Structures are given as structure tokens and as C-alpha cells.
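Chain and residue survey
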Amino acid sequence: MRACRVHRFGGPEAISLDEIPVPKPGPSEVLVRVRAAGVGPWDAWIRAGRSVLPQPLPLTLGSDLSGEISAVGEGVSGFAVGDAVFGVTNKRFTGGYADYAVAEAGMLALKPHSLDHVHAASVPVVAVTAWQALFAQAPLARGQSVLIHGATGNVGAYAVQLARQAGLKVSATTSSADVDYVKGLGADQVVDSRSTAFKDAVTDVDAVIDLVGGEVQARSFAVLRRGGTLVSAVSHPDPALAQRADVEARFFLVDVTSAMLSELGCLLDDEVLTASVGTVLPVAEARRAHEMLDSLERRPRGKIVLEVAPSS
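This write-up is about the structure you can find in this document. Bear in mind that the values here come from a model prediction, so they are computed numbers and not experimental data.

1. A few points about the sheet that holds strand β14 (residues 248–251)
- As summarised here, the arrangement of the six strands in space is β11-β10-β9-β12-β13-β14, forming an open sheet in which the pairing is parallel. The sheet is open, and its two borders are formed by β11 (189–192) and β14, each paired with just one other strand. Each strand of the sheet is rotated relative to its neighbour by a mean of 15 degrees, with strand direction disregarded.
- Where strand β9 (residues 145–148) and strand β10 (residues 169–174) come together, four bridges link them in parallel fashion. Residue I148 lies in a different strand from β10, and its bridge partner there is A172.
- Strands in contact with helix α3 (residues 124–137) are β9, β12 (205–210), β13 (224–232) and β14; relative to β13, the strand with the most contacts, it is inclined by about 150 degrees.

2. Some remarks on a nonpolar patch on the surface
- A cluster of nonpolar side chains, namely V52, L53 and L253, defines an oily patch on the protein surface of about 300 Å² accessible area.
- Structurally, the position occupied by L53 is in the loop between α1 (41–48) and β4 (59–60).

3. Concerning the layout of surface pockets
- Approximately 240 Å³ is the volume found for the second largest pocket.
- Taken together, 16 residues form the lining of the second largest pocket, with R5, P23, T60, T94 and G95 sitting closest to its centre.
- At the level of elements, β4 and β7 (100–104) are the ones that each hand at least two residues to the lining of the second largest pocket.
- When grouped by side-chain class, the residues that make up the lining of the second largest pocket number ten nonpolar, four polar and two charged.

4. Brief notes about the nonpolar core
- The biggest cluster of nonpolar side chains holds 83 residues, and the ones touching the most others in it are L134, V146, I148, V160 and L168.
- Here the element with the most residues in this core is α3; it accounts for eight residues.
- When neighbours within four sequence positions are excluded, V160 is seen to be in contact with I148, A151, V170, A172, V182, L185, G186 and A187.
- Among the nonpolar cores identified, the runner-up in size contains 13 residues, and V191, V223, L230 and V247 belong to it.

5. Here we look at unusual backbone geometry
- In the segment running from L57 into P58, the intervening peptide bond is cis, with an omega of -10 degrees.
- Its place among the elements puts P58 in the loop between α1 and β4.
- Phi is positive for S28, which is not a glycine, with a value near 65 degrees.
- In this structure, E271 takes a positive phi of about 65 degrees despite not being glycine.
- With respect to the element layout, E271 can be found in the loop between α9 (258–269) and β15 (277–282).

6. Concerning helix α4 (residues 154–165)
- Taking 1.5 Å per residue as the helical rise, α4 with its twelve residues ought to reach 16 Å, and the 17 Å between its terminal C-alpha atoms agrees with that figure.
- Looking at α4, one finds that the buried residues are V155, G156, A157, Y158, A159, V160, Q161, L162 and A163.
- Buried positions along α4 lie against α3, β9, β10, α5 (179–185) and α9.
- G167 sits one or two positions beyond α4 and adopts a positive phi of about 80 degrees.

The rules behind each value
- Along each chain, residue indices are assigned from 1 in the same order as the chain's sequence is written.
- Confidence filtering applies because this is a predicted model: local features only for residues at pLDDT of at least 70, side-chain atom pairs given and counted only at 80 or more, and all residues used for totals across whole chains, interfaces and linings.
- Water and hydrogen atoms were dropped before computing side-chain values, which therefore reflect all heavy atoms in the structure.
- Whether two strands pair comes down to DSSP finding at least two bridges between them.
- For the purposes of this entry, the term helix denotes a DSSP run of H or I that reaches at least four residues, the term strand denotes a run of E that reaches at least two, and both are numbered from the N terminus.
- For helices, the fitted line uses only the C-alpha atoms of the stretch in contact; every axis is such a line through C-alpha atoms, and the angle between N-to-C directions lies from 0 to 180 degrees.
- Contacts are assigned to residue pairs that have any heavy atoms within 4.5 Å of one another.
- Distance thresholds for patches are 9 Å for like charges and 5 Å for nonpolar side chains (Val, Leu, Ile, Met, Phe, Trp, Tyr), applied to residues having over 30% relative accessible area and no salt bridge.
- Surface accessibility follows the Shrake-Rupley procedure with a 1.4 Å probe radius. Residue values consider only the protein chains on display as shielding.
- Salt bridge, as applied in this entry: a Lys or Arg side-chain nitrogen positioned within 4 Å of an Asp or Glu carboxyl oxygen.
- Residues are called lining when one of their atoms sits within 4 Å of a cavity or pocket point, these points coming from a 1 Å grid over the protein atoms alone, where a cavity is a set in which a 1.4 Å probe fits but cannot get out and a pocket is an open set with protein on both sides within 12 Å along at least five of seven lines.
- Grid points are joined across faces, edges and corners, and a volume is the space filled by probe spheres set on the points.
- In this classification, Asp, Glu, Lys and Arg are treated as charged, Ala, Val, Leu, Ile, Met, Phe, Trp, Tyr, Cys and Pro as nonpolar, and every other residue, Gly included, as polar.
- Residues belong to a common nonpolar core when they are buried Ala, Val, Leu, Ile, Met, Phe, Trp, Tyr or Cys residues joined through side-chain atoms within 4.5 Å.
- Note on classification: 1.4 Å probe, protein chains only; a residue is buried when its accessible area is under 20% of the maximum for its type, exposed when over 50%, partly exposed between these limits.
- A helix is expected to span 1.5 Å multiplied by its residue count minus one.

Structure follows, in C-alpha cells:
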């Protein structure tokens, strides 16, 4: 089978399309015939050797996927051969850019009926990250307020939609070109980050969801109410700044589960959430996908997805 592999850490040129044996699922695992694989920043970190987790070489890149179950390992229940599923391969986030991938059964769910495989593969990591930031890490409840930084990005777009659906008062930052887009996602207030200092437009929010980091994160403590929470999915907040502002601050790594994917799948089928795909490339062009990830130039909104095989 084909697999997009790295034998050394480096830039997009380190990716090679190899022929390797089809893997076999172990206990609590399934083998997925991959139809589409999502491409995310974490894939580039792994490729470059910057993963926070050990990543023995050689490895096959990719975590997000959608496809059909081809084989079921010992101890797996709830899935059968032929089921259309979506989700994540494993906790190391590897193995997905391939014709077949072994995946942990506890990180998969039945594919939403309303989505094709390309759109389903765009969902798992980013949508679960948004949900956990808002409701597990913050945690926020109906009527509370939140400021979402980086609302045009893949996680940010889901965060705005989920916050709106949950009855939160949503403020968001983005560039001038995307103000109308973010308003359309459901934000009550959108701040053009290039022309307005967000701390002059937003005050006393219950939580900040930081998807940008750096100086944006540091300045965000000033807009939180006392006792509020800053949650970052990109970098560890400064504990001294949090103490000075009398707020909670935390960094987290996403934990993808079948239950969470199933809940998000229902929201997608009910059209409460919209999956956004920006660019679709054949799996053989994984290098090009990673060049797009690494590029400083603006690319289309939405997820980059590799199409591995057309649906039967």
C-alpha cells in the first residue's frame, strides 16, 4: 500500500511516498480503508521533529481520517467491517496518510451521514479541540461570555459555532478580510485585529480561548474578569501574568474520544455545525500540502485534506 512517510525529520521535502505492507490491527484497534486524511499543523510539527511526544522513525504522517473499517482487532465492539467511520489514528497522531491505517477504536465514531469522506476527515482534531477548550477547560455555560482569538482558523471557526450554539456571548478577533465571515459563524462582536486593539473593545469576559499565542495571549489577561479563565491550545500561559490578573490560565492537548466525535457528528448532521474544507489534494501531493502549511502566504479558509481513494 502507499504511505506518506518520513525517514528523517525536516521540511516538506522529507516526505516520501513509499510502498509498505498493509498493517494489522491489534487489540482494541481497527484497520481503516482510508478515503481521506486531514492535514493539520501538528502534522508539520511531527514532520519537523518538534512533536511534544516521542516519534520513532520512520513514521507515516497523519491523524485525522475518514474511511471504512476493513478489519477489527480483538476486543473491539460497536464497529463492524464496512462501517463508515471518522476520527483519529492514535495518541501519537501518526499513520493516517496511507491507503490503510490502524486506528484506536476509542478514537473513532460512525461518520456523519451528511458529510462525504473529504469533509468528515476535516473535522476530528480541530472540532474536538474547540469543544474541549470551551466546555471542558474553561468551562463555560449558557449566558457567559468568551473572547476567541484566531476565529478564522479551523479550530476558531468551530469554537465560534459551538459557543453560539451553547448560548454564549461571543466576541472574536480576526483580520479585516474575514470580519463578515466570522459574523456569519455566529459571533456577536468581531474585532478587526489589524485596526483595533481588542482590549479597547472587549472587557470582563468569563474566558479567553487563545489560538494565536505570543503577545496576543499576553495581552488577553487584561480583558478577563477576576476569576476568569484563559485557555490556550498553542502555548503555555505565563503563570505570573495569570496570578497578577487573578485568573486561571491553562494549556491543554486535545483528547479525541468516540463519545465526543459522536456528539459532534450529531451537530453536523443537524446542521448546527458546518465543516469547512479549503483545499483538496491527492495523497501523492502530501509535500505540496505541507508546503502550504509552512507558507506565510494567505491560503483559502478551511482545512487541507488529502483524498486517498474515491468512495466505492
